[in-house]
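Commentary on secondary and tertiary structure
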Amino acid sequence: MADDSTSALQTGQTGLIVRIPEAEPAVRGWRERLDPSAQAGVPAHVTVLFPFLDESRIDAPVYSALAEVLVSRQAFDLRSERCGRLPEVLYLVPEPDTQLRQLAEAIADRWPEAPPYGGRFAEIVPHLTIAQGQEDSVVEEVEVDLVDRLPFTSHISSVELMVHDGTKWQERASFALGE
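Quick summary incoming for the structure in this document. (Residues numbered from 1 in each chain as written. Predicted model: local features only at pLDDT ≥ 70, side-chain atom pairs only at ≥ 80, totals over all residues. Heavy atoms only, no water.)

A separate point is the packing of aromatic side chains. What the rule picks out here adds up to four aromatic pairs. Residues F52 and W111 carry aromatic rings whose centres are separated by 5.2 Å and whose planes lie at 85 degrees to one another, so their mutual orientation is edge-to-face. Residue F52 is located in the loop between β2 (45-49) and α3 (60-71), and its partner W111 is located in the loop between α4 (98-110) and β5 (128-132); the two are separated by 59 residues in the primary sequence. Ring centres of Y63 and F175 lie 6.1 Å apart, and the angle between their planes is 25 degrees; this geometry places the pair in the stacked category. One end of the pair, Y63, is in helix α3; the other, F175, is in strand β8 (residues 169-176), and 112 residues separate them in sequence. Between R110 and the ring centre of W111, over which it is positioned, the NZ or CZ distance is 4.6 Å. (Phe/Tyr/Trp six-rings, centres within 6.5 Å; stacked < 30°, edge-to-face > 60°. Helix = DSSP H or I, 4+ residues; strand = E, 2+ residues; numbered from the N terminus. Lys NZ or Arg CZ within 6 Å of the ring centre and 35° of its normal.)

Below you can see the structure in the form of structure tokens.
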């Protein structure tokens, strides 16, 4: 989920994701080897907002407010046809990414104390991480392998709240988008 080592994560840290199960056949093996979030139990996904509120702050009113914000957004489809790169990260590009950006913005507007990626980046770049911190030769090998496995389309109808327990990520809740 985070674009850094899971060892830097705190118990009770949370994030909001959309699952991309259609990507699993293509990326599972690579992610299990090359993405620390997969090793920590996070499925193929695109992060909507990380970090979100600490788990200790998530109570019934927060669950209700999240449900309200998310059900006001329509379910949508994403298509992944190609890979992209950020510094130290190889990822699948979800297109169009407008709805993902709007989800992140709507949640961050409601909880301004939880800006995307802690406010470290000026622009939100929706992505499905495949590999982090790898040599160019490894990244190129992954890209060549994925060429024949793309494209695929995913229907996004919910957002999942994930919580880090100190070792692994666990799903705590799923919030439906409007249909």
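Close contact between α3 and α4 brings their axes to 10 Å; oriented N to C, the two are set at 145 degrees. In this structure, the crossing between α3 and α4 has a hand that is right-handed. Taking contact as the criterion, the partners of A65, L66, V69 and L70 in α3 are, on α4, L103, A106, I107 and R110. In terms of residue class, the contact of α3 with α4 is made up of seven nonpolar, no polar and one charged. (Axes fitted to C-alpha atoms, helices over the stretch in contact; angles between N-to-C directions. Left-handed = near helix turned anticlockwise from the far one by under 90°. Contact = heavy atoms within 4.5 Å. Nonpolar A, V, L, I, M, F, W, Y, C, P; charged D, E, K, R; others polar.)

The strand order across the open sheet formed by four strands is β5-β4-β3-β6, and the pairing between neighbours is antiparallel. Looking along the sheet, the strands with just one partner apiece sit at the ends: β5 and β6 (152-156). Sheet twist, expressed as the mean angle between neighbouring strand axes with direction ignored, is 35 degrees. Where strand β4 (residues 89-95) meets β5, four bridges bridge the pair, whose relative direction is antiparallel. In the strand pairing of β5, Y91 is matched with T129. Contacts between helix α1 (residues 24-34) and the sheet are confined to β4 and β5, with β5 contributing the most and set at about 50 degrees to the helix. (Pairing = 2+ DSSP bridges.)

Consecutive side chains along a regular strand alternate between the two faces of the sheet. Bridge count between strand β3 (residues 76-86) and β6: five bridges; the pairing is antiparallel. Across the sheet, residue D77 finds its bridge partner in β6, namely H155. Relative to β4, β3 is paired through six bridges, and the arrangement is antiparallel. Among the inter-strand pairings, G84 is bridged to a residue of β4, identified as Y91. Between β3 and β4, which pair antiparallel and follow one another directly, the connecting turn spans two residues, one of which, E88, has a positive phi of 70 degrees.

All right, on to the sheet that holds strand β1 (residues 14-19) then. The four strands lie next to each other as β2-β1-β7-β8, forming an open sheet whose pairing is antiparallel. Looking at the sheet topology across the chains shown, the edges are occupied by β2 and β8. Taken over all neighbouring pairs, the strand axes of this sheet differ in orientation by 35 degrees on average, direction set aside. Note that β1 and β2 share four bridges and pair antiparallel. In the sheet register, V18 faces β2, and the bridge partner there is V46.

Any functional reading would require information that these geometric values do not contain.
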